[in-house]
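What follows is the residue order along each chain.
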Amino acid sequence: MPDLLIELFSEEIPARMQAKAAADLRRLVTDGLVEAGLTYAGAGAEATPRRLALHVEGLLAESPARVEERKGPKVDAPEKAVEGFLRGAGLTRDDLEARETPKGTVWFARVETPGRAAGEIVAEVLGSTIRDFPWPKSMRWGSGSLRWVRPLHGIVCVLSDEAGAEVVPFDVDGIVSGAVTAGHRFMAPGEFSVTNFEDYEAKLKRAKVVLRSGERARTIRAELSAQAFARGLTLVEDEGLLAEVAGLVEWPVVLLGAIDAAFLGLPAEVLRTSMKEHQKFFSLKGADGRITHFATVANIEAPDDGATILGQPQGVGRAAVGREVLLGE
């Protein structure tokens, strides 16, 4: 039984939309497959800032043939009614059988639907899903008619089993499906081909992309805790900010900074709210319980340990030793 790998590769997806988009992709595709007669063993979807991915396990290789009995109009019904029934069922008059019922003699027909290959169904379902995807906000670009949250660049659609992997061929608004994706925008932008979900996830990680949002969040939490402990600080927990920041990066790198003394007199809530809302910074407390440090999560391993990143115009001042800087003017 084959497995299905789907990736929709685009420009940056807003963090607030990623979880629902991944759930919508899973729901729309799996519902469409089941409706077409393809059952499966399991499915999971993930999102990063630049991609939605879906993995469907244990998919039927083809939908089963179906035989359905349909009840038509009465034998003495107007000819147009009989012709309409035949057109709707895709039958001829020779396929009809007259049967006696409590309401009179009625035409019946057996409608046989042959099985269809999984690839054919997947192409149909995924194409429809992409065209009608329920983004809360979407855009058009170039001369095409497709709407997506940001410009869609690539579609990976691969069926794989013990015998190997094959691309499910189709296109949406000129975007042709394939087995090629790309890594981190800056650290590993090169393209590479994939054969199945395990291969895809492993190659992404080598290309500086952590696919699973939960893993990115755990990495950020662990690094925040480690850096805070090393400096005798306490992290101000913020699950909402953690989830948001995990949706802003594909390769999380935690950078720690110290708030300039000139700002330490501000109320704690002012510092915390300002850093969270405007800069997506985490707050850290010193031994005296005051907020004295901040942490940000970069999407790149910088050669200067993040001094330049933290030196951009976000209320951040000069770089200090290692990954610690001063929050100032």
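Only a predicted model underlies this, so the values are computations on that prediction, with no experimental measurement involved. (Residues numbered from 1 in each chain as written. Predicted model: local features only at pLDDT ≥ 70, side-chain atom pairs only at ≥ 80, totals over all residues. Heavy atoms only, no water.)

A. Quick peek at the side chain of T129. Topologically, T129 is positioned in helix α3 (residues 118–131). Residues in contact with T129, not counting those within four places in the same chain, are L25, L28 and V29. (Helix = DSSP H or I, 4+ residues; strand = E, 2+ residues; numbered from the N terminus. Contact = heavy atoms within 4.5 Å.)

B. Quick peek at unusual backbone geometry. Backbone geometry places D173, a non-glycine residue, at a positive phi of 55°. Looking at the secondary structure, you find D173 in the loop between β9 (171–172) and β10 (175–178). Note on D173: relative accessible area 40%, which makes it partly exposed. (Buried < 20%, exposed > 50% of the residue type's maximum accessible area, 1.4 Å probe, protein only.)

C. Expanded view of the pairing of strand β5 (residues 96–101). The sheet contact formed by β5 and strand β6 (residues 104–113) spans six bridges and is antiparallel. Pairing of R99 across the sheet is with V106, part of β6. (Pairing = 2+ DSSP bridges.)

D. Region of the structure containing the layout of surface pockets. Here the second largest pocket defines a volume of roughly 200 Å³. Counting residues per element, the ones that place at least two in the lining of the second largest pocket are α1 (15–35), β2 (42–48), α5 (213–230) and α6 (239–246). Considered class by class, the residues forming the lining of the second largest pocket number eight nonpolar, four polar and two charged. (1 Å grid on protein atoms, 1.4 Å probe; cavity = no way out; pocket = protein on both sides within 12 Å on 5 of 7 lines; lining within 4 Å. Points joined across faces, edges and corners; volume = space filled by probe spheres on them. Nonpolar A, V, L, I, M, F, W, Y, C, P; charged D, E, K, R; others polar.)

E. Region of the structure containing the packing of α5 against α6. Direction vectors running N to C along α5 and α6 enclose 120°, while the axes themselves pass 9 Å from each other. As summarised for this structure, α5 and α6 are arranged oblique, according to the angle between their axes. The chirality of how α5 crosses α6 is right-handed. Only E239, L242, V245 and A246 of α6 make contact with α5, whose side of the interface consists of S213, R216, A217, I220 and R221. Residue composition of the contact of α5 with α6, grouped by class: five nonpolar, one polar and three charged. (Axes fitted to C-alpha atoms, helices over the stretch in contact; angles between N-to-C directions. Parallel < 35°, antiparallel > 145°, perpendicular 65-115°, else oblique. Left-handed = near helix turned anticlockwise from the far one by under 90°.)

F. Geometry of the environment of M17. Tracing the backbone through its elements, the reader meets M17 in helix α1. Residue class for M17 comes out buried when judged on its relative accessible area of 7%. For M17 and P136, which are 119 residues apart along the polypeptide, the C-alpha to C-alpha distance reads 8.1 Å. If we ignore the near neighbours within four places in the chain, the residues touching M17 are W135, P136, K137 and V149.

G. Focus on the nonpolar core. By size, the foremost hydrophobic cluster in this structure holds 37 residues, and its most contacted members are L52 and I130. For this core, the elements supplying multiple residues, two or more each, are β1 (3–10), α1, β3 (51–57), α3 and β7 (152–161). Per-element tally for this core: the top contributor is α3, with seven residues. Excluding its chain neighbours within four sequence positions, the residues that come into contact with I130 are L8, L146, R147, W148, L152, I155, F170 and V172. L233, A246, F282 and A295 belong to the second largest nonpolar core, which has 17 residues in total. (Core = buried A, V, L, I, M, F, W, Y, C linked by side-chain atoms within 4.5 Å.)

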